[in-house]
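These are the residues of each chain, in order.
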Amino acid sequence: MMDKTRRVMVRNACIALPFFLLLFSGGCGKSYPGKEKLYPTTITVLESGTPVDGAVVILMRQAGEKLNTSGLTDATGKANIAVDAEWPGAPEGKYQVRISKDPPFTPDLTPEEVAKLGPNEYSAYEAKMIAKRKQLKPVVPPELSSDSSPFFIDVTSGKNEKTFDIVTDLE
């Protein structure tokens, strides 16, 4: 009896295995689903020659299909651009470069203390924190994160690298 059950299980596994492999193999080594080839693109963000860590760099395409093409700067100020934060590079084209970075912010209470607040206390605390954030000086001039950013890059075939200094390039 046990042998018959085991044979049935092995047969079913042999039949099902190819289907599972076919079904799940699409997720391995995914390639970019877009029609255009992606080219390595690195943007470096400096502030008076000093690298800016933690800045969001967004490339806004000037013509063609709109894509979520962006990167986050590291301690050296470099952002490796990717499409949808998954596929490294950017398609050929002219892009406006938008840069933003939130100023450092420290809340008055720990998450544990906030969890103990009642509804009215929480509303008051939240309003106080919003007002506190609004008083902070932006790390990056606000115009650099909008459609008035003066920074552009032409992505071409091959490797693309460009450096922007958010102080000296604006003077």
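In what follows, the accompanying structure is described. (Residues numbered from 1 in each chain as written. Predicted model: local features only at pLDDT ≥ 70, side-chain atom pairs only at ≥ 80, totals over all residues. Heavy atoms only, no water.)

Brief notes about the overall build of the protein chain
Stage number 1. Helices and strands together make up the secondary structure of the protein chain, namely three helices and 12 strands.
Stage number 2. Once local pairs closer than 6 in sequence are excluded, the contacts in the protein chain between residues at least 24 apart make up 69%. (Helix = DSSP H or I, 4+ residues; strand = E, 2+ residues; numbered from the N terminus. Contact = heavy atoms within 4.5 Å.)

Considerations on the pattern of salt bridges
Note on pairing: side chains with opposite charge can pair once their charged atoms come close.
Stage number 1. All chains considered together, the criterion is met by four salt bridges.
Stage number 2. The residue Glu 36 makes a salt bridge to Arg 61 at a minimum N-O spacing of 2.5 Å. On the criterion of sequence distance, the pair formed by Glu 36 in the loop between helix 1 (2–24) and strand 1 (38–39) and Arg 61 in strand 4 (residues 56–61) is long-range, its members being 25 residues apart.
Stage number 3. Taking the relative accessible area as the measure of exposure, Glu 36 reaches 28% and is therefore partly exposed.
Stage number 4. Of the charged contacts in the structure, one is a salt bridge between Lys 128 and Asp 108, with a shortest N-O distance of 3.2 Å. Taken together, the positions of Lys 128 in helix 3 (residues 119–134) and Asp 108 in the loop between strand 10 (93–100) and helix 2 (111–115) put the pair 20 residues apart, joining distant regions of the chain.
Stage number 5. Each of Asp 108, Lys 128 and Lys 132 takes part in a single network of salt bridges with overlapping partners. (Salt bridge = Lys/Arg side-chain N within 4 Å of Asp/Glu carboxyl O. Buried < 20%, exposed > 50% of the residue type's maximum accessible area, 1.4 Å probe, protein only.)

With respect to the sheet that holds strand 10
Stage number 1. Pairing in this open sheet of six strands is antiparallel, and the strands run 8-7-5-4-10-11 from one edge to the other. Strands with a single pairing partner mark the edges of an open sheet, and in this sheet they are strand 8 (87–88) and strand 11 (152–155).
Stage number 2. In the sheet, strand 5 (residues 69–72) pairs with strand 7 (residues 82–83) via two bridges, with the strands oriented antiparallel. Following the sheet pairing, Thr 69 is matched in strand 7 by Val 83. (Pairing = 2+ DSSP bridges.)

Overview of a nonpolar patch on the surface
Stage number 1. Taken together, Val 56, Ile 58, Met 60 and Leu 72 make up a surface patch of nonpolar side chains, about 290 Å² in accessible area.
Stage number 2. Among the elements that make up the nonpolar patch, the one with the highest residue count is strand 4 (three residues).
Stage number 3. Inspection of the secondary structure assignment puts Val 56 in strand 4. (Patch = residues over 30% accessible without salt bridge, like charges linked within 9 Å, V, L, I, M, F, W, Y side chains within 5 Å. Areas by Shrake-Rupley, 256 points an atom, 1.4 Å probe, with all protein chains shown as cover.)

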